[in-house]
Amino acid sequence: MNDAVDTVVQPAEGVATLLGTDGEPESPIEAYRFDFETTAATSKEPAWLREARRSAFAEFERDGFPTMKDEDWHFTNVAPISEKIFRTGAKGGPVSAEVVERFGHGEAWHTVVFVNGRAEQSHGPALPDGVSVTTLASEISGDSALLQRHLSKLSTPESGAFTALNAAMAADGAVIRISADVVVEKPIHLLFIADAVSENTAVQTRNLVFAERHSQATVIESYVSVGGDSYFTNAVTEVFVDDGARLGHYKLQTESRNAFHVGTVQVKQGRDSRYESFSFATGARLSRTNVYSTLAGEAAEVVMNGLYMVDGSQHVDHQTRIEHVAPNCPSHELYKGILDGRSHGVFNGKVYVHPEAQKTDGKQSNNNLLLSESARVDTKPQLEIFADDVKCTHGATVGRLDETALFYMRSRGVGPLEAKRLLTYAFAADVLEKIELEPLKLSLERQVLERFTSN
């Protein structure tokens, strides 16, 4: 038994019957059930949360993991996750300031560090008045009324198996509250680290972000590894953007190449609000990122951009959904993918326009660059429009490096590898330029260059 499994809490009375004859769960579902029941037997959580967790776990057991027969998972096979036993409860130790600095993009931001899903420490400057960053665990122990009103209300257990599993088992995460009219100058960085103890474990995190009326802030979620190899991250973030608020939200997934990552961001926007999302995915053996926003108030605006870079046998999947409920709402979306080796990329984007959402202006684009003959991508941008006064466009491209441009650069004395690197970087730079946070943009540009230099 590895160290990560040794950290799992011991079974309470009556729970051991869920184990096989060798004292271990016989299937992945049994492992999750055992860990769920063991935690529930000793939990001191409020009654409303215990009931909500039990209902969510029942939903997970009833539906089971998705298969490729499900439309939303048609191009992504989750068998590597659903057929492997991951245990819950790995407790890592504190990490050094050097590790935090390594993933801090060279800036002194307010940073909350989570190790294997559990909050460890905070770094950086103090938060300004009107801003609160607490942990899910502390909100639970205090029986927070805010938590009871909002937890799992946007991203519900009925949304899918991974969301239901998270709702049942998430023990920690961040709860961010930006009060009305407060402008937060420096980003709030949530740094989720998987260490060596995370091997063969499931890390379930749940975050909530509240941007109140006319507030402005930037939140960064980073998922990284410092010794962890094969583990499973299942993260959900619920975001409430109130009337007139402005929120920038960056999700950076650079996990171990043998890890698995499923992350969902669910957003609800009020009148005249603006939510800007950027997804950066280069890690994990198999990853799936869902970004969903509901434009519930008139003149709300959403911008969704992303860049994914994979090679070897990596699989990366992005699913987006923008739901136009109110009129006069613009939405802009650009995702780019760079794929090498035998990697597989998936993009499925949907813009849904309700009958009441007149004057909708929606633009969606997905562009992919294949660097090898074996790399492939499945892309499916979609529009569903039930209003008659709208302006919506969508499109997708899949191609290879421009041979004419390569020849031109070679004729000017640029070597073949350098020419390929520069053209690849130029393809990625178009979407990176949309990042408004300058230090982060420069940091990601360096990562793009280093990735293709090393290859």
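Residues numbered from 1 in each chain as written. Predicted model: local features only at pLDDT ≥ 70, side-chain atom pairs only at ≥ 80, totals over all residues. Heavy atoms only, no water.

Novice: Explain the pairing of strand S17 (residues 360–370) to me, using residue names and the numbers behind them.
Specialist: Along S17, 9 of the 11 residues are buried, which leaves the element largely enclosed by surrounding structure. Here strand S15 (residues 330–339) pairs with S17 via 10 bridges, running parallel. Bridge pairing in S17 links Gly337 to Asn368. Across 10 bridges, S17 lies against strand S19 (residues 390–399) in parallel orientation. Each bridged residue has a counterpart across the sheet, and for Ser365 the counterpart in S19 is Gly395. (Buried < 20%, exposed > 50% of the residue type's maximum accessible area, 1.4 Å probe, protein only. Helix = DSSP H or I, 4+ residues; strand = E, 2+ residues; numbered from the N terminus. Pairing = 2+ DSSP bridges.)

Novice: Account for empty space enclosed by the protein, with residues named and values stated.
Specialist: Using the criterion set out here, one finds 4 cavities of 30 Å³ or more in the structure. Considering only enclosed or pocket space, the largest cavity measures out at about 70 Å³ in volume. If you go around the largest cavity, the residues you meet are Asn116, Gly117, Phe192, Ile193, Ala194, Val203, Thr205, Tyr223, Val224, Tyr231, Thr233 and Glu255. Elements represented by at least two residues in the lining of the largest cavity include exactly strand S5 (188–195), strand S6 (202–211) and strand S7 (216–226). Of the residues forming the lining of the largest cavity, the biggest block, 3 residues, is contributed by S5. What lines the second largest cavity is Arg53, Leu136, Leu151, Ser152, Asn166, Ala167, Ala170 and Arg206. Tallied by class, residues from the lining of the second largest cavity come to 4 nonpolar, 2 polar and 2 charged. (1 Å grid on protein atoms, 1.4 Å probe; cavity = no way out; pocket = protein on both sides within 12 Å on 5 of 7 lines; lining within 4 Å. Points joined across faces, edges and corners; volume = space filled by probe spheres on them. Nonpolar A, V, L, I, M, F, W, Y, C, P; charged D, E, K, R; others polar.)

Novice: Can you break down the pattern of salt bridges residue by residue, with the values?
Specialist: Tallied over the entire structure, the rule returns 24 salt bridges. Between Glu373 and Arg400 there is a salt bridge whose closest N-O contact spans 3.8 Å. Here the residue Glu373 occupies a position in the loop between S17 and strand S18 (376–385), and Arg400 occupies one in the loop between S19 and helix H9 (403–411), the gap between them amounting to 27 residues. For Glu373, a relative accessible area of 70% gives the class exposed. Relative accessible area serves as the criterion here: at 42%, Arg400 is assigned to the partly exposed category. The partner of Arg376 in a salt bridge is Asp378, with the nearest N and O atoms 3.5 Å apart. The buried category is assigned to Asp378, whose relative accessible area is 19%. (Salt bridge = Lys/Arg side-chain N within 4 Å of Asp/Glu carboxyl O.)

Novice: Describe the pairing of strand S8 (residues 232–241), listing the residues and the values that go with them.
Specialist: Here S8 lies mainly inside the structure; 10 of its 10 residues are buried. The alternating pattern of S8 places Phe232, Asn234, Val236, Glu238 and Phe240 and Thr233, Ala235, Thr237, Val239 and Val241 on opposite faces, both of which are buried. Across 10 bridges, S6 lies against S8 in parallel orientation. For Asn207, the partnering residue across the bridge sits in S8 and is Thr237. Here S8 runs beside strand S10 (residues 260–269); their pairing, made up of 10 bridges, is parallel.

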